[in-house]
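Residue-level listing of the chains:
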Amino acid sequence: MSTTTSGGGHGDDASRRDFLYIATGAFGGIGTALAVWPLIDQMNPSSDVLALASTEVDLSPVKEGQAITVVWRSKPVFIRHRTATEIEAARNVIVEDLRDPQADEDRVQQDKWLIMVGVCTHLGCVPLGQKATDPQGEFGGWFCPCHGSHYDTSGRIRKGPAPANLMVPPYEFLSDTTIKIG
Amino acid sequence: MSSPGSGNRIVQWIEYRLPIFSWLDHTVGSGYPAPKNLNYLWNMGSLAGVALVIQIVTGIVLAMHYVPHGNMAFDSVEHIMRNVNYGWLIRYIHANGASMFFLVVYIHVFRGLYYGSYKYPRELLWWIGLAIMLLMMATAFMGYVLPWGQMSFWAATVITNLFSAIPLIGEPIVTWLWGGFAVDSPTLQRFYSLHYLLPFVIAGVVIVHIWALHTHGSNNPTGIDVKGPQDTLPFHPYYTVKDLFGLGLFLIIFAYWVFYNPNYLGHPDNYIPANPLQTPPHIVPEWYLLPYYAILRAIPDKLGGIVVMGAAIGVLFLIPWLDTSRVRSATFRPIYKQFYWILVADILILGWVGANPPEGYFILIGQLATAYYFLHFIIVMPFVGWFETPRQLPDSIATSVLDKGGGADTAKEGAP
Ligand code: HEM
Ligand code: FES
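Keep in mind that what you see is a predicted model, and the values were worked out from it rather than measured. (Residues numbered from 1 in each chain as written. Chains lettered and ligands numbered in written order. Predicted model: local features only at pLDDT ≥ 70, side-chain atom pairs only at ≥ 80, totals over all residues. Heavy atoms only, no water.)

### Comments concerning the overall build of chain A
Here is step 1: Check the secondary structure of chain A and you find four helices and nine strands.
Here is step 2: Beginning at the N terminus, the succession of helices and strands in chain A can be written as α-α-α-β-β-β-α-β-β-β-β-β-β.
Here is step 3: Taken over C-alpha atoms, the radius of gyration comes to 28 Å for chain A, far larger than the 16 Å a tight globule of 182 residues would show.
Here is step 4: Principal-axis analysis of the C-alpha atoms gives chain A an extent of 95 × 35 × 25 Å.
Here is step 5: Residue pairs at least 24 apart in sequence account for 52% of intrachain contacts in chain A once pairs closer than 6 positions are excluded.
Here is step 6: In the structure as shown, chain A presents an accessible area of about 9800 Å², 58% of it carried by carbon and sulfur atoms.
Here is step 7: When the 16 positive and 22 negative side-chain charges of chain A are each reduced to one mean point, those points stand 4 Å apart. (Helix = DSSP H or I, 4+ residues; strand = E, 2+ residues; numbered from the N terminus. Rg over C-alpha atoms; globule rule 2.2 N^0.38 Å. Contact = heavy atoms within 4.5 Å. Areas by Shrake-Rupley, 256 points an atom, 1.4 Å probe, with all protein chains shown as cover. Lys, Arg positive; Asp, Glu negative; His and termini not counted. Charge placed at Lys NZ, Arg CZ, Asp CG, Glu CD.)

### Considering the state of the cysteines
Residue and element names in this part refer to chain A.
Here is step 1: Following the criterion strictly, the structure yields one disulfide over all chains and no others.
Here is step 2: One disulfide bridge connects Cys 125 with Cys 146, the sulfur atoms lying 2.0 Å from each other. The chirality of the disulfide connecting Cys 125 with Cys 146 is left-handed, given an S-S dihedral of about -95°. One end of the pair, Cys 125, is in the loop between strand S4 (113-117) and strand S5 (140-144); the other, Cys 146, is in the loop between S5 and strand S6 (149-152), with 21 residues separating them in the sequence.
Here is step 3: On the basis of relative accessible area, Cys 146 is assigned to the buried category, the value being 2%. (Disulfide = S-S within 2.5 Å. Buried < 20%, exposed > 50% of the residue type's maximum accessible area, 1.4 Å probe, protein only.)

In C-alpha cells form, the structure reads like this:
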C-alpha cells in the first residue's frame, strides 16, 4: 500500500514500517517497565528495617518447663526449655507421616532448647501455649486460635489448616546460656 | 421543562458553551425516562452514592486529625474521640457509614440477582458493579486497619498473609506488602495512603457504572423491556422525590447506629492498642465480610481456602451466562424464586458461621453452606433455567401496572 501512497516505489516499505512500530513499542514498553520499578520497589523493606538483624537472649532465667517470648525483626520468637517428657514426645513420632516431615533433631541445636518464630504458618497469628494456663492443643505444644492449628512439642504442624511447621530462625549459642538470633 | 433552563439567560450562556444543564437533565432530570414500575429496591443505587459522599466528607475531616504512624495512630483516634470538636460524631459517622454503605450495596446486588438485572444487555454493568464491590472491600479493610487496635492489627496480618499461599512468589509479595518482616508502621502508612485514594477511584468507577446503566436504562420488577413512553416516567420529579424520601428513611436508620449504638457493629478488642506479640483469642472481620471468611475457613487447606473464597466472588461474574432462563425477573419464575430465597438463607448462614469460632458443628455447617453456595450458581442456575416453565409475562410495563389482577399484584407479592 505504501508504494502507491509514497510514490517512492520501495516495495519493502510496509515491512520496514512494521519493524519500526515493533521496535518503538518494545523500547517504549521496556522504558516504562524500568521507570515503574522504583515505584514498586519502594514498598519493599527499607534499609533501616533490614538493619534490625539480630537479637541476643540470656537463657539462664528460663527454668525447665518454662517458655519466654522475645522479639526478633518485629516478630515473636518462642524459646522453650523443654522437659524430658516433651522431648520424648517430640521424638516418638513417625516423621514420614507428618504434614511437613522433619525430625525433632533437625529442629534443635540443644535438645532442651526449642527456638522458633512464634508465627502460625497459616495466616500469621501468634499461637497460644507459651503460658502454662494457655491451651496447648491436642499434641501438648501450641494451639493457634485463629483457625485451629495444632502444633506438637517440636512446633510441628499436626492438625488444622497450617501447611508447615513453625519456622526455626537462624541462631547460634554464644555460650551455654546466651544465644544470638539472626 | 424540555430544554433546561430555557428562560434563564445565564443558564443559556453557560449551556451554549458547556452543555452541562442538558447533560444533567438527561442523567437525573426530566429528560431521563425511567420505567414507571420501579419499587423501593431501586432506591439503593442513589443511597449508595450518598453513602460514598458521606464517607469521603467525614474521611477527609478525620484525616485532618489522624496520624498514620504505628506509635501514634491509636492515640490520635482517641484524640479525635475525646478532644477534637465533634470528633466523636465524625468518627462514628465514618465507622458506621462503612456498614451502612455495605448494607445498601448488598441489597442493591441482591435486587439485581432477583430481577435478573445482570442479563443481556446489562452484563458489563453487572461487572462494573462487582468491581465497585471489590474496591469497597479493599477500602473498608484498609480503613479498619487505621485505628491500629488489636482487631486492626490482626485483620491486617491475616488478610495480607492470604497472599503467602501463592506458590513461590507468595512470601516476597507479603514482605513487599508489609514493607518489613511483619505488619508494622510502614504497612499502616501505605494502607492510609491507599485508603485515601481508593474512594476516589470508586467514584470514578461509579461514573462508568452509571454510563453503562443509562445506555440501556434501568431494569424493572417485571424484567421486561420498556416498549414506549407509556411505560416510563420522567426521572425528575418522580424518582428524585422518591429517592429523597428513601434517603430520609435511610438517614433515620443511620442516625440510630451513630447516636444510640455506635459500637455495636464494631469489636471491643479494637479499643486495645495493637500488640504484635498477642493475637486476640477470637478474631473476626466486620459483619460485611463474614460470609467470605466462613468460606475461607470451610476448606482445610491454605491455598484451597483462598482459591475457593476468591471463586465465591468470581462466580458472580459468570452468572450472566450461568443463568440460562430467557425470563429476567424471578417474579415470573416459580421454581427459581424458591432457590433464590434458599441462597439468601445460605449466605446468612455463612455469615453466622463466620462470626463463630471454627469448632465443633460450625465447621460442618460452614462446609455444607459453602458447597450449597457454589451448587446454586453452577448447577441450580443453569438447570432451572432450562427446565422451568416461566409464568405468563405481562404484555408491557404499562399493562402490568394497570392490570390489577395480573402482573402488578403478583409482582409485588414476589418482590423480596
Ligand atoms: C469508600 C469509602 C470509605 C469507606 C468504606 C471507609 C471505611 C473506613 C473504616 C471501616 C474505617 C475504620 C473505622 C473505625 O473503626 O474507626 C475507616 C477509618 C478511617 N478513614 Fe475511611 N472509609 C472510606 C473513605 C475515606 C476517605 C475518602 C478518607 C479520606 C482521607 C478516609 C479517612 C479515614 C481515616 C483518617 C480513618 C481513621 C480514623 C478512624 O479510624 O476513625 N476514609 N474508614
Ligand atoms: S493463623 Fe493460625 S490457624 Fe490460621
